[in-house]
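Listed here are the chains, written in short residue letters.
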Amino acid sequence: MAPVRPRIPLLVLFAFLAAAAEAASPSPAGIARNLAHGFASGVYLKALGASALRIAAGFALAALLGGALGILQAAFAPVRRLCGPLTTGVQALPAVCWLPVALLWFGRSEAAVLFCVVVGSLFAVALGVRDGLAQVPPLLRRVGQTFGLTRWQQITHITIPAALPAILAGLKQGWSFGWRALMAGELIYASAGLGRSLTAGRDAGDANQVFAVMLLILTLGVAVDRLAFGVVEKRVLARRGLA
Amino acid sequence: MPFALHDPPVRPAALEAPKLSLRGASKRFGGLVALADVSLDVRRGEFLSLVGPSGCGKSTLLHLLAGFEKPDDGAALMDGRPIAGPGPDRLVIFQDPALLPWLTVADNIGFGLPKKPRELYEETVGLLLRLVHLEKFAHLRPHELSGGMKQRVALARALAVDPQVLLMDEPFAALDPQTRELLHLELQRLWLGLHKTVVFVTHSVEEAVRLSDRIAIMATQPGRIRRVLDVDLPHPRDFNSPEVAELRAAIREEMRDELAKLARREGDEGWRR
Ligand SMILES: Nc1ncnc2c1ncn2[C@@H]1O[C@H](COP(=O)(O)OP(=O)(O)OP(=O)(O)O)[C@@H](O)[C@H]1O
Ligand SMILES: [Mg+2]
């Protein structure tokens, strides 16, 4: 995926938000006031912290499970035949579709939200890991063989480094799916969090707050995507002459 | 001193037991007979080229010696023992340099070396960098190199593990003529100084005549060895000498009917140079 320069879309979004906000009675000034007040009182920091904690836990779990699922599929043909199409299919499912399942199994609880995040991002990670490991160029495997690498050395010295770009791409996409799933989940249940602040804004009829929180969600999402994943990915790809 | 070039030990090469041999080796892929009853001895320290039309089984033969494939019938031997699988005593160099894109030139060269002790590793890599004239490019990544430089890295990476045998599958086929000529000189120099046994697959009769002690001419359908020629010209060779040109013409003649057969079958030129 070609990296999108964040500045222009952000500007457009600001303009859009400003326009939309005007129409629904809130104003840019109102949003700014709301943000200032929310941060000063510590409400938004708390919400950010709560959401960050959930996404961190959920994503870590998804990376572990998705990584394992991807490795199993890459290593064992029967597992690949069995789970392969399912992984690809489910990965395309919008995370909101898991909300009813989450509510059914876990009720309105923290576990339900976590479940959404995990299933939301798990399959994208699995797909990246699986395809990355499976698509190592056969010639590079042969290089490992002619140098007499053991199976384990073959994995650590050839397979994993060769698969790294695809694995990173999978993790990045998994993160972004997980983040969306978290927001959807927090709308249904959360003691605190950005999604919760969003519903609070709606319940209070405070359009300024709704837009202010949307801005926070967007900012955090873009920041992690750019700063964490973007930087690592760029370094890895630049090294190989791929970016 | 590792990787120092020196004169070869004097010995009657033809009397010695072969380094590598195929004994009645056959290889089939489904219904296709890629190699039929091939017997070939590669002498210790010699430079042997395999030439033949496309699809005649040159790579397949090399893969039997490399241990990537096993013969369906017959045997592939090294030092008289069956070849069980690929290994660093028989380093394979491919047409694609197949460098690891995530490693620097230096670390690609050091790929097969023990990384500890660090000083020894760095010293050895330094020697090899000098051997292939790439010391200035040690810290570049493969994508920053030209095709010829990449193939020199692949050569140094192979030499690093001090293999007894180099198995080269059209290593210079993708290079432009000037670069190829340069690498011919380089390879000749290294081979003369390091005394490896080399099996060298090529499409180019010119290349084979320049570098080889012997040339095995292969025939196609089914793949087999048609004739083995001695190249009785002293090393190092002047590539543009009349003797080289003469021999080249003779071998092309030799292969003419094989080519005609191929042309009839495939309806294409099949054979270049
Ligand atoms: N893994 C394989 N599976 C099926 N057929 C194969 C395989 N490898 C080689 N062959 C077939 O065996 C025959 C010999 O192939 P090989 O690659 O050894 O030819 P070659 O002489 O190296 O040709 P070229 O000069 O084009 O590289 C060809 O007809 C090829 O299609
Ligand atoms: Mg070939």
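Conventions adopted
Residues numbered from 1 in each chain as written. Chains lettered and ligands numbered in written order. Predicted model: local features only at pLDDT ≥ 70, side-chain atom pairs only at ≥ 80, totals over all residues. Heavy atoms only, no water. Helix = DSSP H or I, 4+ residues; strand = E, 2+ residues; numbered from the N terminus. Rg over C-alpha atoms; globule rule 2.2 N^0.38 Å. Buried < 20%, exposed > 50% of the residue type's maximum accessible area, 1.4 Å probe, protein only. Contact = heavy atoms within 4.5 Å. Areas by Shrake-Rupley, 256 points an atom, 1.4 Å probe, with all protein chains shown as cover. Lys, Arg positive; Asp, Glu negative; His and termini not counted. Charge placed at Lys NZ, Arg CZ, Asp CG, Glu CD. Buried area = accessible area lost by both parts, 1.4 Å probe. Salt bridge = Lys/Arg side-chain N within 4 Å of Asp/Glu carboxyl O. Polar contact = N/O pair within 3.5 Å; in protein donor to acceptor, adjacent residues only side chain to side chain. Pairing = 2+ DSSP bridges. Axes fitted to C-alpha atoms, helices over the stretch in contact; angles between N-to-C directions. Patch = residues over 30% accessible without salt bridge, like charges linked within 9 Å, V, L, I, M, F, W, Y side chains within 5 Å. Domains from an automatic or database assignment.

### Overview of the overall build of chain B
Looking only at helices and strands, chain B features eight helices and 10 strands. Computed over the C-alpha atoms, the radius of gyration of chain B is 19 Å, within 12% of the 19 Å expected from 2.2 N^0.38 for a compact globule of 273 residues. With respect to the principal axes defined by its C-alpha atoms, chain B has extents near 55 × 40 × 40 Å. Considering chain B as a whole, with its 273 residues, one finds that 54% of them fall into the buried category. Counting only contacts in chain B whose residues sit at least 6 apart along the sequence, the fraction spanning at least 24 positions is 71%. Carbon and sulfur atoms make up 53% of the accessible area of chain B, which amounts to about 12000 Å² in all. One way to put it: in chain B the 37 positive side-chain charges average out to a point 3 Å from where the 38 negative ones average out.

### Comments concerning the interface of chain B and chain A
Counting residues at the interface gives 23 residues for chain B, matched by 17 residues for chain A. Summed over both partners, the interface of chain B with chain A comes to about 1800 Å²; 74% of that surface belongs to carbon and sulfur atoms. At the junction of chain B and chain A, the tally comes to zero salt bridges. At the boundary of chain B with chain A, the tally comes to four residue pairs in polar contact (both at pLDDT 80 or more).

### Side note on the environment of Ala112 of chain A
Residues and elements named next belong to chain A. Tracing the chain through its elements places Ala112 in helix H6 (residues 110-134). For the pair formed by Ala112 and Tyr189, sequence separation is 77 residues and the distance between their alpha carbons is 8.2 Å. In this structure, Ala112 is in contact with Ala102, Phe106 and Gly107, ignoring residues within four places of it in sequence.

### Focus on the pattern of salt bridges
Residue and element names in this part refer to chain B. As enumerated under the stated definition, the model contains 20 salt bridges over all chains in all. The salt bridge involving Arg214 is made with Glu46; its shortest N-O contact spans 2.7 Å. You can see Arg214 sitting in strand S9 (residues 214-219) and its partner Glu46 sitting in the loop between strand S2 (32-42) and strand S3 (47-51), a full 168 residues away along the chain. Accessibility expressed as a relative area gives 9% for Arg214, which makes it buried. On the accessibility criterion, Glu46 (4% relative accessible area) is buried. The partner of Arg90 in a salt bridge is Asp89, and the shortest N-O contact between them spans 3.3 Å. Using a relative accessible area of 6% as the deciding quantity, one classes Arg90 as buried. Overall, Asp89 belongs to the partly exposed group, its relative accessible area being 26%. Where salt bridges share partners, they join Glu181, Glu206, Arg210 and Arg248 into one cluster.

### A short note on the sheet that holds strand S4 (residues 73-78) of chain B
Where strands meet in a sheet, backbone hydrogen bonds hold them as pairs that are either parallel or antiparallel. Residue and element names in this part refer to chain B. Here four strands make up an open sheet; going across it, the order is S2-S1-S4-S5 and the pairing antiparallel. The open sheet terminates on both sides in strands that have one partner only, identified here as S2 and strand S5 (81-82). As paired strands, strand S1 (residues 20-29) and S2 are joined by seven bridges and run antiparallel to one another. Within S2, the position partnered with Arg28 by the bridge is Val33. Together, S1, S2 and S4 form the strand contacts of helix H1 (residues 58-66), whose direction differs from that of S1 by roughly 120 degrees.

### Notes on the environment of Ala47 of chain A
All names here are of chain A. If you trace the backbone, Ala47 turns up in helix H3 (residues 43-75). Put simply, Ala47 and Ile155 are 108 residues apart on the chain and 42 Å apart in space, counted from C-alpha to C-alpha. Leave out the neighbours within four places in its chain, and Ala47 touches Gly193, Leu194 and Ser197.

### Comments concerning a nonpolar patch on the surface
Residues Leu61, Leu64 and Leu65 of chain A make up a contiguous nonpolar surface patch of roughly 290 Å² in combined accessible area. Relative to the assigned elements, Leu61 of chain A resides in helix H3.

### With respect to the sheet that holds strand S6 (residues 90-93) of chain B
Residues and elements named next belong to chain B. Taken in spatial order, the six strands make up an open sheet running S6-S7-S8-S3-S9-S10, and their pairing is mixed. Of all the strands in the sheet, the pair left with one neighbour each is S6 and strand S10 (224-230). For this sheet, the mean inter-axis angle between neighbouring strands, taken without regard to orientation, is 20 degrees. Relative to strand S8 (residues 197-202), S3 runs parallel, the two being bridged by five bridges. Bridge pairing links Phe47 to Val198 in S8. Contacts from H1 reach S3, S6, strand S7 (165-169), S8, S9 and S10, with the element oriented near 155 degrees to S7.

### Some details on the domain arrangement of chain B
All names here are of chain B. Taken as a whole, chain B is organised into domain 1 (17-89 + 165-272) and domain 2 (100-162). A separation of 27 Å is found between the C-alpha centroids of domain 1 and domain 2. Every contact between the two is made by 14 residues of domain 1 and, on the other side, 12 residues of domain 2. Summed over both sides, the interface between domain 1 and domain 2 buries roughly 1100 Å², with carbon and sulfur atoms accounting for 71% of that surface. Among the residues of domain 1 in contact with domain 2, Glu186, Leu190 and Lys196 are the three that bury the most area, contributing 34% of the side total. Counting the contacts that link domain 1 with domain 2 gives two salt bridges. A salt bridge links Glu186 to Arg152; the nearest nitrogen and oxygen atoms lie 3.1 Å apart. The interface formed by domain 1 and domain 2 holds five residue pairs in polar contact (both at pLDDT 80 or more) in total. Secondary structure elements with two or more residues in the side of domain 1 that touches domain 2: S7 and helix H5 (177-194). The leading source of residues in the side of domain 1 that touches domain 2 is H5, at seven residues.

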